[in-house]
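Spelled out, the chains give:
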Amino acid sequence: MPHPLMFGDDDPGLRELRDIALGFPGAFEKISWGRPVFCVPKMFAMYGGSVKTPTKGRYLQYPHSVLVKVDESDRRALEQDARFFFPAYLGPFGWLGLDLDAAPVDWAEVTELLDASFRMTAAKKLIRQLDEA
């Protein structure tokens, strides 16, 4: 049974996120777990996420958020920012979520986060293409 869609194309920030993410060399979008996922071919960003709660089987949803892979050297600083959260399932693998509803969105910051995540997941050839552009 496929996962139900957990977004709408008019969701806040999704259009802007698509514009940024699909601008990276070789990037494409697919739907996984009911959410837009941006890949190269490994996933480097996802729109929407959730956090496990103390109640088993319950999740706090962050429907308008972006999940990115972060470098360990940046993690501590980002975790101090209340806009960021530790996403269910992906958090233990180096991912953080940025809640786009928590404050006015700085799209330059989102671009930097996506760039860093892209560089951690993309093939060297695609990183070279990015640097040459």
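What you see is a predicted model, and the numbers here were worked out from it, not measured in a lab. Just so you know, the residues in each chain are numbered from 1, in the order the chain's sequence is written. Owing to the predicted nature of the model, reporting of local features is limited to residues with pLDDT of at least 70; listing and counting of side-chain atom pairs is limited to 80 or more, with chain, interface and lining totals taken over all residues. Side-chain figures throughout are based on the complete set of non-hydrogen atoms in the structure, without hydrogens or water.

Colleague: Help me get a handle on unusual backbone geometry, residues and values and all.
Modeller: Residue P41 is reached from V40 by a cis peptide bond, and omega for that bond is -10 degrees. Its location among the elements puts P41 in the loop between β2 (35-39) and β3 (43-52). Going along the chain from the N terminus, every DSSP run of H or I of four or more residues is numbered as a helix, and every run of E of two or more is numbered as a strand.

Colleague: Before we move on, can you summarise the sheet that holds strand β5 (residues 84-85) with the specific residues and values?
Modeller: Remark on secondary structure: sheet strands pair via backbone hydrogen bonds, oriented parallel or antiparallel. In this scheme, strands are said to pair when DSSP sees at least two bridges between them. Taking strand neighbours across the sheet as the criterion, the six strands line up as β1-β2-β3-β4-β6-β5 in an open arrangement whose pairing is antiparallel. The outermost strands of the open sheet, each flanked by one partner alone, are β1 (28-32) and β5. In the sheet, β1 pairs with β2 via five bridges, with the strands oriented antiparallel. Opposite E29, over in β2, you have F38 as the bridge partner.

Colleague: Please provide a residue-by-residue account of the packing of helix α3 (residues 107-121) against helix α4 (residues 124-132), values included.
Modeller: Inter-axis angles, ranging from 0 to 180 degrees, are taken between N-to-C directions of lines fitted to C-alpha atoms, where helices are fitted over the stretch in contact. Closest axis-to-axis distance for the α3/α4 pair is 8 Å, and the angle between their directions is 145 degrees. Here α3 and α4 pass one another in a crossing that is left-handed. Residues D115, F118 and R119 of α3 lie in contact with α4, whose contacting residues are L126, I127, L130 and D131. Think of it as three bins: nonpolar holds Ala, Val, Leu, Ile, Met, Phe, Trp, Tyr, Cys and Pro, charged holds Asp, Glu, Lys and Arg, and polar takes everything else, Gly as well. For the contact of α3 with α4, a count of residues per class yields four nonpolar, no polar and three charged. Two helices crossing with the near one rotated counterclockwise from the far one by less than a right angle form a left-handed crossing, whereas a clockwise rotation gives a right-handed crossing. In what follows, a contact means two residues having at least one pair of non-hydrogen atoms within 4.5 Å.

Colleague: Go over the nonpolar core with me, naming the residues and quoting the values.
Modeller: Within this scheme, the nonpolar core is defined by two criteria: the residues are buried Ala, Val, Leu, Ile, Met, Phe, Trp, Tyr or Cys, and they are joined through side-chain atoms within 4.5 Å. Here's how the labels work: a residue is buried when its accessible area is under 20% of the maximum for its type, exposed when over 50%, partly exposed in between, all with a 1.4 Å probe on protein chains only. Counting 28 residues, the largest nonpolar core has F24, F44, V66, L114 and F118 as its most contacted members. Of all elements in the fold, only α1 (14-21), β3, β4 (59-69), β6 (95-99), α3 and α4 reach the threshold of two or more residues within this core. Ignoring anything within four residues of it in the chain, the contact list for F118 reads F24, P25, V40, F44, L126, I127 and L130. The next biggest cluster of nonpolar side chains, apart from the first, holds 10 residues, and it includes V37, C39, M43 and W95.

Colleague: Kindly report on the packing of aromatic side chains, identifying the contributing residues and their values.
Modeller: Pairing of aromatic side chains requires ring centres within 6.5 Å, counting the rings of Phe and Tyr and the six-membered ring of Trp. Pairs whose planes differ by under 30 degrees are stacked, by over 60 edge-to-face, and all others tilted. The tally for this structure, following the rule as stated, stands at five aromatic pairs. On the basis of an interplanar angle of 85 degrees and a centroid distance of 5.6 Å, the ring pair of F44 and F118 is categorised as edge-to-face. With F44 in strand β3 and F118 in helix α3, this pair connects stretches of sequence that are 74 residues apart. We note that F44, like F118, is buried. Only when the NZ atom of a Lys or the CZ atom of an Arg is both within 6 Å of the ring centre and within 35 degrees of the ring normal do we say a charge sits over the ring. If you follow K52 out to its NZ or CZ, it ends over the ring of Y89, 4.9 Å from the centre.

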